[in-house]
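The chain contents come next:
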Amino acid sequence: MSGTTIAASVRDNKAQSRFELDAYGEIAFANYRRANGHVVITHTETPPPLRGRGIATGLIRGALDLIRADGLKVTAGCGFVADYLDAHPEYADLTR
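Figured I'd write up the structure that's included with this text. In this numbering scheme, every chain counts its residues from 1 along its sequence in written order. Predicted model: local features are reported for residues with pLDDT of at least 70 only, side-chain atom pairs are reported and counted for 80 or more only, and whole-chain, interface and lining totals are derived from all residues. Just so you know, side-chain values use all the structure's heavy atoms and leave hydrogens and water out.

Thoughts on the nonpolar core
In this description, a nonpolar core means a group of buried Ala, Val, Leu, Ile, Met, Phe, Trp, Tyr and Cys residues linked to one another through side-chain atoms lying within 4.5 Å. Accessibility here uses a 1.4 Å probe with only protein chains present; expressed as a share of the type maximum, an area under 20% marks a residue as buried, one over 50% as exposed, and anything in between as partly exposed. Grouped together as the largest cluster of nonpolar side chains are 24 residues, with contacts concentrated most on Phe19, Val39, Ile41, Leu59, Leu64, Ile67 and Val74. The helix and strand labels rest on DSSP assignments: H or I over at least four residues marks a helix, E over at least two residues marks a strand, and numbering proceeds from the N terminus. Residue assignment for this core shows that the elements contributing at least two residues are strand 2 (18-23), strand 3 (26-35), strand 4 (38-45), helix 2 (55-69) and helix 3 (79-87). Among the elements that make up this core, the one with the highest residue count is helix 2 (six residues). Here, two residues are considered to be in contact whenever any of their heavy atoms come within 4.5 Å of each other. Each residue touching Ile41, except ones within four places of it in the same chain, is listed here: Ala30, Asn31, Tyr32, Ile67, Val74, Thr75, Ala76, Gly77, Cys78 and Val81.

Regarding the sheet that holds strand 1 (residues 11-13)
Any two strands with at least two DSSP bridges between them are considered paired. Read from one edge to the other, the open sheet built from five strands follows the order 1-2-3-4-5, with strand pairing classed as mixed. Every interior strand has two partners, whereas the edge strands, strand 1 and strand 5 (73-76), have only one. Taking the axes of each pair of neighbouring strands and ignoring which way they run, one obtains an average angle of 35° across the sheet. Pairing analysis gives three bridges linking strand 1 to strand 2, with the strands arranged antiparallel. Note on strand 2: the bridge partner recorded for Arg11 is Glu20. Between N-to-C directions, angles cover 0 to 180 degrees, with each direction set by a line fitted to C-alpha atoms, over the stretch in contact for helices. Contacts between helix 2 and the sheet are confined to strand 1, strand 2, strand 3, strand 4 and strand 5, with strand 2 contributing the most and set at about 135° to the helix. The strands touched by helix 3 within the sheet are strand 4 and strand 5, with strand 5 carrying the most contacts at an inclination of about 120°.

Structure, rendered in structure tokens:
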């Protein structure tokens, strides 16, 4: 599963307020809440058997692409997302 395929497979489960990614029969997800034109990603969870495979990275990349497509901004409410944003300046426009 390539990084591009992973990001393209991320979906916004609005009913549960989370971005989801199906991978290897499991679901990785990032919980969020929306407020004033911002999406606050509060928690990222990757099932233990999938950790270390880049699944969470693909999940967040895809979530940020969806947020950008909706014309919203993002606030990192968890350390993983904060670290991702720090390491990927191509998403800096989403944090201003």
